[in-house]
Amino acid sequence: MSTSWPQWRQDSPELSSEGHPFLLVTLRMTVPSGRKWQQYRFVENHDLRSRLVPLLGTLPLSHSLLQEPHGGQPCRFSDPAVRLWRDDDSDRWPNTLYRSFAEADGPRRGLGEVTVTLRLHSRNGFVREVSRTVSECNVRADGQLLRTQVPNVVQPDG
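Residues numbered from 1 in each chain as written. Predicted model: local features only at pLDDT ≥ 70, side-chain atom pairs only at ≥ 80, totals over all residues. Heavy atoms only, no water.

**Describing the overall build of the protein chain**
- Assigned secondary structure in the protein chain consists of four helices and four strands.
- Looking at the 158 residues of the protein chain, the share that counts as buried comes to 41%.
- For the protein chain, the accessible surface area stands at approximately 8,500 Å², while carbon and sulfur atoms represent 47% of it. (Helix = DSSP H or I, 4+ residues; strand = E, 2+ residues; numbered from the N terminus. Buried < 20%, exposed > 50% of the residue type's maximum accessible area, 1.4 Å probe, protein only. Areas by Shrake-Rupley, 256 points an atom, 1.4 Å probe, with all protein chains shown as cover.)

Here it is as structure tokens:
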């Protein structure tokens, strides 16, 4: 998994069909061991908070796509189906990914917290980052709170 931030390319789209400039938005989750997961998209710089919902929806429900089974911290979720590490289907993609991490890194004990970062990068080079440390079990729900830290339109001059 890449640890560098995605960059604008020459052939990257500049404007949406409605004429709004795009931002290159990267969502990154970092666990205490340093392992990173990220997704990025071009998002219109217009009504930004609502346009970030689909990208923030890509966050895993929990940290288990990155690391290990729950480490004993209290969880908001009580439905056992939400806890991917208790999934009995060993061939399901999140479980095979976790297994490959465990084989590469060895077993670990629980995380506690993860850091979720949202990076907004305009075509002219302006960058704004917001970050939040969230509970290991509530990554998707708490990660949505990043929307409150960004304006509805990012001004290119900052």
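On we go.
**Considering the sheet that holds strand β2 (residues 36-44)**
- Strand order in the open sheet formed by four strands is β2-β1-β3-β4, and the pairing between neighbours is antiparallel. Every other strand in the sheet has two partners, leaving β2 and β4 (127-135) as the edge strands with one partner each. Between one strand axis and the next, the sheet turns through 15 degrees on average, direction left out of account. (Pairing = 2+ DSSP bridges. Axes fitted to C-alpha atoms, helices over the stretch in contact; angles between N-to-C directions.)

**Details of the nonpolar core**
- In terms of nonpolar packing, the biggest core is built from 22 residues, with V25, L27, L52, L59, V116, L118 and L120 touching the most fellow members.
- Sorting the residues of this core by element identifies β1 (22-30), β2, α2 (53-56), β3 (113-122) and β4 as the ones contributing at least two each.
- Each residue touching L120, except ones within four places of it in the same chain, is listed here: L23, L24, V25, L48, F126, V127, R128, V150 and V154. (Core = buried A, V, L, I, M, F, W, Y, C linked by side-chain atoms within 4.5 Å. Contact = heavy atoms within 4.5 Å.)

**Details of the confidence of the model for the protein chain**
- Mean pLDDT over the protein chain: 77, with 63% of residues reaching 70 or higher.
- Confidence, expressed as mean pLDDT per element, reaches its minimum in the protein chain at helix α3 (residues 93-105) with 64 and its maximum at helix α1 (residues 48-51) with 95.
- Scored below 50 in pLDDT, residues 67-86 makes 48 contacts in the model with residues more than four places away or belonging to other chains. (pLDDT = per-residue confidence, 0-100.)

**What about the packing of aromatic side chains?**
- Tallied over the full model, the rule gives two aromatic pairs.
- Taken together, the ring pairs connect W8, F22 and F42 into an aromatic cluster.
- Sitting over the face of the ring of W5, R28 holds its NZ or CZ atom 3.8 Å from the ring centroid. (Phe/Tyr/Trp six-rings, centres within 6.5 Å; stacked < 30°, edge-to-face > 60°. Lys NZ or Arg CZ within 6 Å of the ring centre and 35° of its normal.)

**Focus: unusual backbone geometry**
- Although it is not a glycine, D47 sits at a positive phi angle of roughly 50 degrees.
- Tracing the backbone through its elements, the reader meets D47 in the loop between β2 and α1.
- Overall, the relative accessible area of 35% leaves D47 in the partly exposed class.

**Focus on the pairing of β4**
- Pairing analysis gives nine bridges linking β3 to β4, with the strands arranged antiparallel. Across the sheet, the residue bridging to R119 is E129, located in β4.
- Taken together, β3 and the strand that follows it, β4, pair antiparallel across an intervening segment of four residues, in which G125 is found at a positive phi of about 105 degrees.

**Some thoughts on the environment of N152**
- For N152, the location among the structural elements is in the segment after α4 (139-143).
- Through-space distance from the C-alpha of N152 to that of R49 is 5.5 Å; in sequence the pair is 103 residues apart.

**As for the pattern of salt bridges**
- Counted according to the given criterion, the structure contains three salt bridges.
- Between D11 and R9 there is a salt bridge whose closest N-O contact spans 2.8 Å. The two residues D11 and R9 agree in class, both being exposed.
- Of the charged contacts in the structure, one is a salt bridge between E44 and R51, with a shortest N-O distance of 3.1 Å. (Salt bridge = Lys/Arg side-chain N within 4 Å of Asp/Glu carboxyl O.)

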